Amino acid sequence: MEEELDEPLLAEGWVADEVWEEFPDLRLRTMAVPRGSGKTPPETRERLRMLSDRFRGAQAIAMRRAPIPSAYRVFFRHVGLDPDTTRTPVEEAAVQRLVKGGFQATNLLDDALLIALVETGIPLWALDAGCVREPLGIGMTDDGRLAVFDADGPLGTLFGEIAHGRGVTKETSRMLVYTVQVPGVPGIFVDEAMWTCLGVLQNDG
């Protein structure tokens, strides 16, 4: 039977003073999800197939000029990343779709994150809520890089891989999904991305 999840509570993360002074519109949003991942159900596989059919070469090339992907490209440049070398998450997803011939199903969580990314342009990440201490925030590491933090320290650089031992595993029973909202991205798109992700997670087969 399909599991019904409660309506998500989107929480606002903190931003360190030195980061806020340079990027006053940078935000971190989180959503607690009372479940772990699981196998990809047939309905989600079909949704990925349909997305693959809609998302072909021409769309991938034109995508970077759309408002949301463009905002992430601009922010990448502001923090010293060349988006033509270090691709933004949605552009990386587009490249992988072209290379692999379609969006590949892996597991329920990763598929939910991918669908939300492709449909909205907003990247999401997920943590094992039992392995972090909330609230999350954005701060600066000792070597001067922007990173996502919990109360114990950095969880990973902004847009980078999650630190070992903090990601979702087969034993995870509660997840914490988060996103980095860069300047130029309206909050309504973040809400849509979170709801899209949650909607896929509700379809657990």
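Preceding block: the structure.
Here's a quick rundown of the structure. (Residues numbered from 1 in each chain as written. Predicted model: local features only at pLDDT ≥ 70, side-chain atom pairs only at ≥ 80, totals over all residues. Heavy atoms only, no water.)

### A word on the environment of A105
Link 1 in the chain: Tracing the sequence through the fold places A105 in the loop between α5 (89-100) and α6 (108-120).
Link 2 in the chain: Residue A105 is classed as partly exposed on the basis of its relative accessible area, which comes to 26%.
Link 3 in the chain: Taking C-alpha positions, A105 is 28 Å from V185, a pair spaced 80 residues apart along the chain.
Link 4 in the chain: In contact with A105, not counting residues within four places along its chain, are T40, R45, L48 and D111. (Helix = DSSP H or I, 4+ residues; strand = E, 2+ residues; numbered from the N terminus. Buried < 20%, exposed > 50% of the residue type's maximum accessible area, 1.4 Å probe, protein only. Contact = heavy atoms within 4.5 Å.)

### Topic: the side chain of T141
Link 1 in the chain: One can find T141 in the loop between β5 (137-140) and β6 (146-150).
Link 2 in the chain: The buried category is assigned to T141, whose relative accessible area is 16%.
Link 3 in the chain: Within the structure, the side chain of T141 is placed 2.3 Å from the side chain of D143, a separation counted as a polar contact.
Link 4 in the chain: The contact partners of T141, leaving out residues within four places of it in the chain, are A147, F149 and P154. (Polar contact = N/O pair within 3.5 Å; in protein donor to acceptor, adjacent residues only side chain to side chain.)

### So, helix α7 (residues 187-202)
Helical geometry note: an α-helix holds 3.6 residues per turn, so side chains three or four residues apart project in the same direction.
Link 1 in the chain: The end-to-end C-alpha distance of α7, which contains 16 residues, comes to 23 Å, matching closely the 22 Å that a straight helix rising 1.5 Å per residue would cover.
Link 2 in the chain: Restricting attention to buried positions, one finds in α7 the residues V190, A193, M194, T196, C197, L198, V200, L201 and Q202.
Link 3 in the chain: Tucked inside the fold, the buried residues of α7 contact β1 (10-12), β3 (27-33), α2 (42-54), α6 and β8 (175-181). (Expected span 1.5 Å × (residues − 1).)

### Remarks on the sheet that holds strand β4 (residues 125-128)
Link 1 in the chain: Read across the sheet, 4 strands follow the order β1-β3-β8-β4 without closing on themselves; strand pairing throughout is antiparallel. The open sheet has two edge strands, β1 and β4, and neither has a second partner. Each neighbouring strand pair of the sheet contributes to a mean axis angle of 30°, computed without reference to strand direction.
Link 2 in the chain: Direction of pairing for β3 relative to β8: antiparallel, over a ladder of 7 bridges. (Pairing = 2+ DSSP bridges. Axes fitted to C-alpha atoms, helices over the stretch in contact; angles between N-to-C directions.)

### Quick word on the packing of α5 against α6
Link 1 in the chain: Across the interface, α5 lies against α6 with an axial gap of 10 Å and an inter-helix angle of 105°. Between α5 and α6, the angle falls in the class roughly perpendicular. Of the residues in α6, those in contact with P89, V90 and A93 of α5 are L114, L117 and V118.
Link 2 in the chain: Here the contact of α5 with α6 is composed, by residue class, of 6 nonpolar, no polar and no charged. (Parallel < 35°, antiparallel > 145°, perpendicular 65-115°, else oblique. Nonpolar A, V, L, I, M, F, W, Y, C, P; charged D, E, K, R; others polar.)

### Side note on the nonpolar core
Link 1 in the chain: Counting residues in hydrophobic clusters, the biggest one holds 58 residues, and the most contacted among them are L26, L124, L158, F159 and V182.
Link 2 in the chain: Looking at this core element by element, the count peaks at 9 residues for α6.
Link 3 in the chain: Excluding anything up to four places from it in sequence, F159 contacts Y72, F75, F76, W125, V180 and V182. (Core = buried A, V, L, I, M, F, W, Y, C linked by side-chain atoms within 4.5 Å.)

### Focus on the packing of aromatic side chains
Link 1 in the chain: Within the structure shown, the criterion is met by 7 aromatic pairs.
Link 2 in the chain: Note on W14 and F149: the rings are 6.3 Å apart at their centroids and 50° apart in plane angle, and the pair reads as tilted. Here the residue W14 occupies a position in strand β2 (residues 14-15), and F149 occupies one in strand β6, the gap between them amounting to 135 residues.
Link 3 in the chain: On the accessibility criterion, F149 (13% relative accessible area) is buried.
Link 4 in the chain: With a centroid separation of 6.1 Å and an interplanar angle of 85°, the aromatic rings of Y72 and F159 are classed as edge-to-face. Separated by 87 residues along the polypeptide, Y72 in helix α4 (residues 67-78) and F159 in the loop between β7 (153-157) and β8 bring together distant segments of the chain. F159 carries the same exposure label as Y72, and that label is buried.
Link 5 in the chain: The rings of F23, Y72, F75, F76, W125, F159 and Y178 are connected pair by pair, giving a single aromatic cluster. (Phe/Tyr/Trp six-rings, centres within 6.5 Å; stacked < 30°, edge-to-face > 60°.)

### A closer look at the pattern of salt bridges
Link 1 in the chain: Summed over all chains, the structure comprises 15 salt bridges.
Link 2 in the chain: With its nearest N and O atoms 2.9 Å apart, the salt bridge here joins D152 to R133. Residue D152 is found in the loop between β6 and β7, and its partner R133 is found in the loop between β4 and β5; the two are separated by 19 residues along the sequence.
Link 3 in the chain: The exposure class assigned to R133 is partly exposed, which follows from its relative accessible area of 46%.
Link 4 in the chain: Two residues, D150 and R166, come together in a salt bridge whose shortest N-O distance is 3.0 Å. Of this pair, D150 sits in strand β6 while R166 is found in the loop between β7 and β8, placing the two residues 16 residues apart along the sequence. (Salt bridge = Lys/Arg side-chain N within 4 Å of Asp/Glu carboxyl O.)

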